[in-house]
Amino acid sequence: MSYEITVDLTTCDGIFACLVRDGRFEEADDGLVTLPDGRREDGELRVTFDDDRLDEARDAAAACPLDAIEVTES
């Protein structure tokens, strides 16, 4: 299943509740979140996955207290 994770980096505050729900999320050098193979552009982090971890991604988005993470199926 293909899906995209988008993080609004202008909203992300480095709380990292997402890390607890999905181990792909990591702390970047700037203190915000990053993802493997993620593209940072115009204040957003975007990455597309094609795997069976959609539920983990959704859990990470739901855990973000600032609603900075969006998960959309492709």
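To start, this report covers the structure provided alongside it. (Residues numbered from 1 in each chain as written. Predicted model: local features only at pLDDT ≥ 70, side-chain atom pairs only at ≥ 80, totals over all residues. Heavy atoms only, no water.)

1. Section: helix α2 (residues 54-63)
Step number 1: Those residues of α2 not exposed but buried are Leu54, Ala57, Ala60 and Ala61. Here the buried residues of α2 occupy an arc of 125° about the axis, which is enough to place them on one side. Turned more than 90 degrees from where α2 packs its buried face, Asp55 and Ala62 sit exposed.
Step number 2: Those residues of α2 hidden inside the fold are in contact with β1 (2-8), α1 (17-21) and β6 (69-73). (Buried < 20%, exposed > 50% of the residue type's maximum accessible area, 1.4 Å probe, protein only. Helix = DSSP H or I, 4+ residues; strand = E, 2+ residues; numbered from the N terminus. Arc of directions from axis to C-beta. Contact = heavy atoms within 4.5 Å.)

2. Notes on the nonpolar core
Step number 1: If you look at the biggest cluster of nonpolar residues, it comprises 21 residues, and the most contacted ones within it are Ile5, Val7, Phe25, Val33 and Ile69.
Step number 2: Mapped onto this core, the elements with two or more residues apiece are β1, β5 (44-50) and α2.
Step number 3: Among the elements that make up this core, the one with the highest residue count is α2 (4 residues).
Step number 4: Those residues within four positions of Ile5 in sequence are excluded, and the remaining contacts are Arg24, Phe25, Leu35, Leu45, Arg46, Val47, Phe49, Ala57, Ile69, Glu70 and Val71. (Core = buried A, V, L, I, M, F, W, Y, C linked by side-chain atoms within 4.5 Å.)

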